[in-house]
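Architecture and fold: a report
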Amino acid sequence: MRCFGRQCRGHGHVFVKLVRQTEQKLLALGEPITALGQHAQQLLAQATALSDATRERFAEAFTAAMRSHAHIRQQSTRLIHGQKLRHCKLVNAYDLTIAPILKGKSNCPTQFGRKPGIMSDPATGFLFAIRVPEGNPSDPSYVLPLLDNVQKAIERVTTPQRPRVHSMAGDLGINDTALRQALHARGILTVGIPKTVAPLTPNPSPEEVLDILNEAGLNRQRTPHQVHLACACGYSRPVVESHIASLLSRGAGQVRYKGHPGAVVQLGMTAMAHNGAVVVRIRQQRLSKRAQKFRRLLGLRHRKINEINNPKN
Amino acid sequence: MHFVRYLQHWLGGTGAHLQVTDFVPVMHPIRQWADTFPWAALVSAIEQSFDQRFPKKSPRGRRPVPLRVLFALELLKHELGASDEDICHRLRTDFAVMYACGLRDYQVNPSQAHFVLPETLCEFRSRIDETLMDELIALQAAAAMEAGLVSPAHLVIDTFPCEQGSQRVTDATTLYKAQKKRSS
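Every chain is numbered on its own, with residues counted from 1 as its sequence reads. For this description, chains carry letters from A and ligands carry numbers from 1, given in the order in which they are written. Note on the predicted model: pLDDT of at least 70 is required for a residue's local features to be given, and 80 or more for side-chain atom pairs to be given and counted; whole-chain, interface and lining totals, by contrast, use all residues. For the side-chain quantities, the full set of heavy atoms in the structure was used; hydrogens and water were omitted.

1. Brief notes about the state of the cysteines
Using the following cut-off: Disulfides are defined as pairs of cysteine sulfur atoms found within 2.5 Å of each other.
Overall, the coordinates contain zero disulfides over all chains when judged by the stated rule. Between Cys101 of chain B, a cysteine without a disulfide, and Cys88 of chain B, which holds the nearest cysteine sulfur, the sulfur-to-sulfur distance is 9.2 Å.

Right under this line is the structure:
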């Protein structure tokens, strides 16, 4: 019996002997798969009677079968020959549908699952884009794909004045020089991304504003007013937590659908349901004072259309 | 005689069409929530994607359940925290859910136990891919931006972990559970 992880966080035992017995059968059964798969693919190439779609489907099935066996063999090698596994790396040796999450709790049930990224409006919590990657990539790798999705949404807007992204905020995890440069190249300020654990300045002086603009090389693209707003809505953990809590309350805490496509659908639908609720709150003016002020500064004031159309006098 | 005529639609299986909007007040939370979505654009995007990826091979067969209903059910499922079965049952009995699904007329048919089967909902879900999901979120965001409700000027980005909801049963986990049960 081998133990993975710390004893104090629950039993993480895997019965190696039992796994060995099971996998020996699987390996014996799947041993001729590689040879058979290759032979079948050769025959498939010669079969002219089949349509292209059918041939493609068969080829995919053969490749998947061969890949599956290779996966079992690889994991088996790791398990049997006593090669030490990485901490929190493996809970079910042969399940392809789960992805490891090394961050979060240490050796607790959340160690396997997904790590979705969200891009939201700090004032209201409206989600502009969501991304569910495979595995556990680095945090900076989320930013540009999410930003591309936001850009696609902006391109769909048909009003004469198209909105633009002025600034981006994130935690220390996305403090990456290359990423900052890529964002500056797109005309986006990065004042909301901290460089150290020191708190961000909410009210920068005129000199600091000038420094920020010079550093980003956006003197002619962004105004001091926009810099002030960007500083005001810099990364704030409670704000982001409230957005995440809303998603968790709609069932985003547990991935129940199968595999990566399932996780994408579940979290996407959750995000859309959350956005619907956010729009209801905005229409009913149920926003925090801070959010209301921020919306006013962005020119998103609530217009009382009915009162304008039906004046009292 | 009057009484029998009054109950005719319950006894006979069909009757007058009921207006769903009459039963769901304007301030009902589900109605307000449902009115925020740009349904036409969303359903059109889904239709386009499905037509490309799953072309119809034959014009025969029963008419499918409208995509609008299935899509709304899937969203409602997450909004209300219901299971597939729960939400399909509620569609049969709850006027607010019918409103959210775009059903405006309702004709009573006691013999019909359900409108949509949970299996149909599952089948619909399995056809949605990542590209389509991104497009749907983009459409919703674009509609909100056009209405002047939100602005993407200042954005915040973060990640959060989601645990695996269900794990497959393996020999190792079964034995582990059995051992644990025996020891306790």
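2. Some words on the pattern of salt bridges
Residue and element names in this part refer to chain B. Counted only if it meets this: By definition, a salt bridge exists where a carboxyl oxygen of Asp or Glu is found within 4 Å of a side-chain nitrogen of Lys or Arg. For every residue, the accessible area (1.4 Å probe, protein chains only) is compared with the maximum for its type, and the residue is labelled buried under 20%, exposed over 50%, or partly exposed between those bounds.
Going through the model one piece at a time under the given rule, you end up with 13 salt bridges over all chains. Among the salt bridges present, the one from Lys77 reaches Asp84, with a minimum N-O distance of 2.8 Å. Summarising the burial analysis for this pair, Lys77 and Asp84 share the class buried.

3. Structural notes on the interface of chain B and chain A
Often, the extent of an interface is quoted as the loss of accessible area on bringing the components together. Note the threshold: Whether two residues touch is decided by their heavy atoms; if any such pair falls within 4.5 Å, the residues are in contact. We define buried area as the total accessible area lost by two parts upon association, computed with a 1.4 Å probe and summed across both. Contacts described as polar in this section are N or O atom pairs within 3.5 Å, which, within protein, must combine one atom able to donate a hydrogen with one able to accept it, while residues neighboring in sequence count only if both atoms come from side chains. Put simply, DSSP marks the helices as runs of H or I at least four residues long and the strands as runs of E at least two long, and each gets a number from the N terminus on.
Counting residues at the interface gives 56 residues for chain B, matched by 97 residues for chain A. Surface buried jointly by chain B and chain A totals about 6,700 Å² across both partners, of which 65% is contributed by carbon and sulfur atoms. Of all residues in chain B, His154, Ile157 and Phe160 of chain B give up the largest surface area on contact with chain A, accounting jointly for 13% of the area buried on that side. Put simply, chain B and chain A have three salt bridges between them. A salt bridge links Arg156 of chain A to Glu135 of chain B, with the nearest nitrogen and oxygen atoms 3.5 Å apart. Put simply, chain B and chain A have 23 residue pairs in polar contact (both at pLDDT 80 or more) between them. Among the secondary structure elements, those contributing two or more residues to the side of chain B that touches chain A are α4 (29-34), α6 (67-80), α10 (130-146), β3 (154-159), β4 (162-164) and α11 (171-183) of chain B.

4. Points about the sheet that holds β4 of chain B
For the record, the criterion: A pair of strands is labelled paired if DSSP reports no fewer than 2 bridges between them.
Here we have three strands laid out as an open sheet, ordered β3(A)-β4(B)-β8(A), and mixed in their pairing. Each end of this open sheet is capped by a strand with a single partner; those strands are β3 (113-114) and β8 (254-255) of chain A. Alignment of β3 of chain A against β4 of chain B, held across two bridges, turns out to be antiparallel. Residue Arg114 of chain A lies in a different strand from β4 of chain B, and its bridge partner there is Cys162 of chain B.

Don't take any of this as a statement about function, it's just geometry.
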